[in-house]
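Chain by chain, the residues:
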Amino acid sequence: MYPAGESFLFPPVTVAIVHYHLQPGGVTQVIRAASRALGETGIRHVVLTGAACPSFPAPAREIPALGYGAHPEVSAEVLAADLVKSATESLGDPPDLWHFHNHSLGKNAILPRAVAILADSGARILLQIHDLAENGRPENFPLIAGIPHLYPHSPSVRLAFLNRRDMEILICAGLPREHAIILPNPVSVPEIAATPPSHTILFAPIRGIRRKNLGELVLFAALAPAGAAIATSRPPRDPAALAIHETWQAFATRHRLPIALGATDRFSPVPGAAATFEAWLAHASHIVTTSVSEGYGLPFVEAAALRKPLIGRRLGHLTEIHGLSGARLYDRINIPVDWVDRPLLQAALVTTLERNYRLLHRRLPQTTVAEIMDFLVRDGLVDFANLPEPLQQGVIERLVHPAERAVPQVVTAGKSEPLVDWLAAALADRAPTTAAPMPDFAKSLLAAYRDLLAQPAGPVRHVPPAAVLDAHLAPGSFHFLLSAPPPAAPRAPFRAVVFDIYGTLLDCPPGGVRADPAVDPALREILENLGHSPPDSPSAALHAAVLRHHAASTEAFPEVDLRQLWREILGLPD
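Residues numbered from 1 in each chain as written. Predicted model: local features only at pLDDT ≥ 70, side-chain atom pairs only at ≥ 80, totals over all residues. Heavy atoms only, no water.

Caption draft 1: Highlighting the overall build of the protein. Within the protein, the regular secondary structure consists of 18 helices and 19 strands. Taken over C-alpha atoms, the radius of gyration comes to 27 Å for the protein, in line with the 25 Å a tight globule of 574 residues would show. Principal-axis analysis of the C-alpha atoms places the extent of the protein at approximately 90 × 60 × 40 Å. When burial is assessed residue by residue, the protein has 48% of its 574 residues classed as buried. Across the protein, contacts joining residues at least 24 apart in sequence account for 72% of those joining residues at least 6 apart. Taken as a whole, the protein presents about 26700 Å² of accessible surface, with 57% of it coming from carbon and sulfur. (Helix = DSSP H or I, 4+ residues; strand = E, 2+ residues; numbered from the N terminus. Rg over C-alpha atoms; globule rule 2.2 N^0.38 Å. Buried < 20%, exposed > 50% of the residue type's maximum accessible area, 1.4 Å probe, protein only. Contact = heavy atoms within 4.5 Å. Areas by Shrake-Rupley, 256 points an atom, 1.4 Å probe, with all protein chains shown as cover.)

Caption draft 2: Spotlight on the packing of aromatic side chains. Following the criterion strictly, the structure yields 9 aromatic pairs and no others. A centroid spacing of 6.5 Å and a plane angle of 45° characterise the contact between Phe 220 and Trp 422, whose relative ring orientation is tilted. Note that Phe 220 is positioned in helix α5 (residues 214–223) and Trp 422 in helix α13 (residues 419–428), a separation of 202 residues in sequence. Ring geometry for Trp 248 against Phe 251: centres 5.6 Å apart, planes inclined by 85°, an arrangement best described as edge-to-face. Placement of the pair is Trp 248 and Phe 251 together in helix α6 (residues 239–254), with a separation of 3 residues, close to one helical turn. Stacked on the ring of Tyr 68, the Lys or Arg Lys 107 has its end atom at 4.8 Å from the ring centre. (Phe/Tyr/Trp six-rings, centres within 6.5 Å; stacked < 30°, edge-to-face > 60°. Lys NZ or Arg CZ within 6 Å of the ring centre and 35° of its normal.)

Caption draft 3: Focus on empty space enclosed by the protein. Taken as a whole, this structure holds 3 cavities of 30 Å³ or more when the rule is applied. Quantified by volume, the largest cavity comes out at close to 40 Å³. Every residue lining the largest cavity is listed: Ile 209, Arg 210, Asn 213, Leu 214, Gly 215, Ile 244, Trp 248, Glu 389, Gln 392 and Leu 481. Elements supplying a minimum of two residues to the lining of the largest cavity: α5, α6 and α12 (389–398). A class-by-class count of the residues in the lining of the largest cavity yields 5 nonpolar, 3 polar and 2 charged. (1 Å grid on protein atoms, 1.4 Å probe; cavity = no way out; pocket = protein on both sides within 12 Å on 5 of 7 lines; lining within 4 Å. Points joined across faces, edges and corners; volume = space filled by probe spheres on them. Nonpolar A, V, L, I, M, F, W, Y, C, P; charged D, E, K, R; others polar.)

Caption draft 4: View of the sheet that holds strand β3 (residues 60–62). As summarised here, the arrangement of the 7 strands in space is β3-β2-β1-β4-β5-β7-β8, forming an open sheet in which the pairing is parallel. Pairing within the sheet leaves two strands with one partner each, and these edge strands are β3 and β8 (180–182). Strand-to-strand twist of the sheet, defined as the mean angle between neighbouring strand axes without regard to direction, takes the value 25°. Each of β7 (157–161) and β8 is contacted by helix α4 (residues 164–172), which is oriented at about 175° to β8, the strand it contacts most. (Pairing = 2+ DSSP bridges. Axes fitted to C-alpha atoms, helices over the stretch in contact; angles between N-to-C directions.)

Caption draft 5: The arrangement of the nonpolar core in detail. In this structure, Phe 220, Ile 259, Leu 345, Leu 349, Ile 396 and Trp 422 are the most contacted members of the largest nonpolar core, which totals 57 residues. Listing elements by their share of this core, those giving two or more residues are β9 (201–207), α5, α6, β15 (332–336), α10 (342–359), α11 (368–376), α12 and α13. The greatest single-element share of this core, amounting to 8 residues, is contributed by α5. In contact with Leu 345, other than residues within four places in its own chain, are Val 337, Val 340, Met 373, Val 377, Val 382, Leu 387, Pro 388, Leu 391 and Phe 480. (Core = buried A, V, L, I, M, F, W, Y, C linked by side-chain atoms within 4.5 Å.)

Caption draft 6: Representation of the pattern of salt bridges within the structure. Following the criterion strictly, the structure yields 18 salt bridges and no others. The partner of Asp 265 in a salt bridge is Arg 234, with the nearest N and O atoms 3.0 Å apart. Linking Asp 265 in the loop between β11 (259–260) and α7 (277–283) with Arg 234 in strand β10 (residues 229–234), this pair joins segments that are 31 residues apart in sequence. (Salt bridge = Lys/Arg side-chain N within 4 Å of Asp/Glu carboxyl O.)

Caption draft 7: Spatial organisation of the pairing of strand β18 (residues 415–418). Where strand β17 (residues 409–412) meets β18, 4 bridges bridge the pair, whose relative direction is antiparallel. Note on β18: the bridge partner recorded for Gln 409 is Pro 418. Once β17 ends, the chain turns through 2 residues before running back antiparallel as β18, passing Ala 413 with a positive phi of about 50°.

Caption draft 8: Just the environment of Ala 193, in detail. You can see Ala 193 is positioned in the loop between β8 and β9. Considering only alpha carbons, one finds Ala 193 and Ser 233, 40 residues apart in sequence, at a separation of 18 Å.

Caption draft 9: Spatial organisation of a nonpolar patch on the surface. Together, Phe 494, Val 497 and Phe 499 make up an exposed nonpolar region whose accessible area comes to about 390 Å². Owing to a relative accessible area of 71%, Phe 499 belongs among the exposed residues under this scheme. (Patch = residues over 30% accessible without salt bridge, like charges linked within 9 Å, V, L, I, M, F, W, Y side chains within 5 Å.)

Caption draft 10: Main features of the pairing of β17. Of the strand pairs in this sheet, β15 and β17 are connected by 3 bridges, and their pairing is antiparallel. Following the sheet pairing, Ile 333 is matched in β17 by Val 410.

Caption draft 11: Quick look at the sheet that holds strand β12 (residues 286–289). In space, the 6 strands of this open sheet follow the order β11-β10-β9-β12-β13-β14, with parallel pairing throughout. Sheet topology places β11 and β14 (328–330) at the edges, where each strand pairs with a single neighbour. Contacting β9, β12, β13 (310–313) and β14, α13 crosses the sheet at an angle of about 155° to β13.

Caption draft 12: Region of interest: the layout of surface pockets. Space inside the second largest pocket adds up to approximately 900 Å³. Together, 42 residues line the second largest pocket, and Gly 476, Ser 477, Phe 478, His 479 and Leu 482 are the ones closest to its centre. Contributions of two or more residues to the lining of the second largest pocket are made by α4, α9 (316–322), α10, α11, β16 (381–383) and α15 (465–472). No other element matches the 4 residues that α11 contributes to the lining of the second largest pocket. For the lining of the second largest pocket, the residue count by class is 19 nonpolar, 13 polar and 10 charged.

Caption draft 13: Structural detail: helix α3 (residues 111–120). Taking burial as the measure, the 10 residues of α3 include 7 buried ones, the bulk of the element. For α3, the elements touching its buried residues are α2 (76–91), β4 (97–101), β5 (125–129), β6 (151–153) and β7. Positive phi shows up at Gly 122, right after α3, with a value of about 95°.

Caption draft 14: Local environment of the confidence of the model for the protein. Averaged over the protein, the pLDDT score is 90; the fraction of residues at 70 or greater is 95%. When the criterion is pLDDT under 50, residues 1–9 qualifies, and its contacts beyond four places in sequence or with other chains add up to 13 contacts. (pLDDT = per-residue confidence, 0-100.)

Caption draft 15: Expanded view of the packing of α2 against α3. Relative orientation of the contacting elements α2 and α3 amounts to 65°, with a least axis distance of 8 Å. As for the relative orientation of α2 and α3, their crossing is right-handed in sense. The residues of α3 that touch α2, namely those facing Ala 76, Glu 77, Leu 79, Ala 80, Leu 83 and Val 84, are Leu 111, Arg 113, Ala 114, Ile 117 and Leu 118. Here the contact of α2 with α3 is built from residues that sort into 9 nonpolar, no polar and 2 charged. (Left-handed = near helix turned anticlockwise from the far one by under 90°.)

Caption draft 16: Looking closely at the side chain of Thr 264. By the secondary structure assignment, Thr 264 is in the loop between β11 and α7. Judged by relative accessible area, which is 3%, Thr 264 ranks as buried. Here Thr 264 is in contact with Phe 203, Thr 232, Ser 233, Arg 234, Ala 275, Thr 276, Phe 277 and Trp 280, once residues within four sequence places are set aside.

Written out as C-alpha cells, the structure is:
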C-alpha cells in the first residue's frame, strides 16, 4: 500500500535503521513512526540496535557493540561488517539505504568510525541528528574527541536536522547546503477528554533532565497564585540527572511548594482521576515549558494540538518552526546579581568552564571567563535560567519575604514586569495556543529517501569537527544548565575530611608538606578520578612547588596559595 494521495511508485528498496537502543524515549518514538510509514508503503526494513525491546512492533536485530560505551574490544571495521551482515541476514541483501540516528552524540566511541567506513564504501546514508554533543553535552564528548570523520557528507550521504539553527551551524562549518535537509519529528498526541479543566495545573510533559530547567518551574511554584499546582511527567534515567532532579524535589518539599516532579503514574492530577500521562494532559489548564534548549520542542506543538494555552520560556528557533500564536512566552527572568553574589557566580563559572573544557579536550582561554561574565551580567542583572542550581535555590529562598516577591522581572520583547504579576495574568488566561499545520512525517521521510536514492555516488568529504565545536563555544552560547554536571562525590573509605590550620586540632610537625611515597598512590587516584593527569609523585611535586614559591617570595614568613600550586602542578589555566 502507498500513502493516500501519492502518485509515484516508490522503487523496491530496503532500509536499515540504526540506533543505540529501543528503550522508551523520543528517538525511539521517531523510529517507531518511521517503521510504521515504511511498513504501510511496503518497504522492507530492519532496525539494528544495541538494546532491543521485545514490545517494539518492527523487525529488530541486536548488535551489542551499538550500545552506549567505548567498546574497546570491537574495532570500527568489525562493527561495520557486523552491521552489513545483520542487515543482509534480515533483508536478503545489503540495504539500499542506511538511516542512522544520532551517530555523533558521543554515546558510542566506534559507531562514528563505522559510519565513515560505510560512507567510504559507497553506501547511501541518511544521518539524522536529533542532538549535538557539542551543544550542551560536554560529558559525552570524550568518546568522540579526536575523530576526524565525525560528519561525512557526499551526494549520497545526507545530514538531516530538526531545525535550521543546527543545520546552519554545520553549513557554516563546511557542510554543503545541498547535503543538508530538515526532517521534522512526528507528533503523536494522545486523545484526551475534552472537559474544561476545573483546577489551575501547569503541566510540563517532559523528562526532568537538567536542560529542562527544573529550577524555573520551582520558581513558578514559589510565586504562583494560591490554589495553582505544577507537575512534570517523568524523572530522568541518567544517575547524574536523577540526582539533580531529586535535589529539586527535596528542596520544593522542604519549602512546601506546590510542585510534583515526575508525577505521572505516581500522583493524580485531581481527586478521583487516574495518574496516567493522559489524565495529567486532560486536567492541565496550561502546558508549561522552561527548557533552555530544545531540538524540536514537542511541548510547543503538543500544547497547540491539545488546544491548551502554552506559557513559559521562548526559544526563538522553535517559535519560528511551529508558527505559534497566542502563547505567553518570555525571553528572560531578570534577577539582581547582588542576590547571588557576583564573586560566587564568577567562582561557579570558573569551576564549570574548567570542567567543560577539560571534557572537550580544549584549553580554557584566559579571556573567556571575563567575556562570559559580561554576557551573563547585564546592567547588574542575571537571567535566572542561566544560574547553577545552588544559586537558583538561593534566589527562591529569598522569596519567603513578601517585599522580595516583586523583584524577579520577566522580560518579553524588551519590556519588563514583575514575574509574580505576569504569572497571575498568564494563569488567568485560558485561550488556547495555535500553531501552523504540521508537515506529514511519512511523506517527508519518503521524499528524503527517494531523493537520496536518486543521487549519484560521489567523493566523501568531512565537516571539520573542530569548527562545529568552535561555534558552540562562543561566549554567548554558554549556559550553566548545558554544562557538564558537577561530579558525584567519590566513594571513599573515609566519612569526613577535617581541615586543620596551624595545629589547632592536630599536633603536626612544622614545615608543611613533605614528599611522602606512601600517600602518592591514593593522591594520584583522587586526582585521576577528578579528570586530572597527576605526576608520578604528587606529594613531591607539591613540596617542590612550596619551596619554589618560598624562594621567590620577599616576605619574611611567606604564604602560598595551595590552589595556585595545584594549578601549576596539573597544568591548569589561571
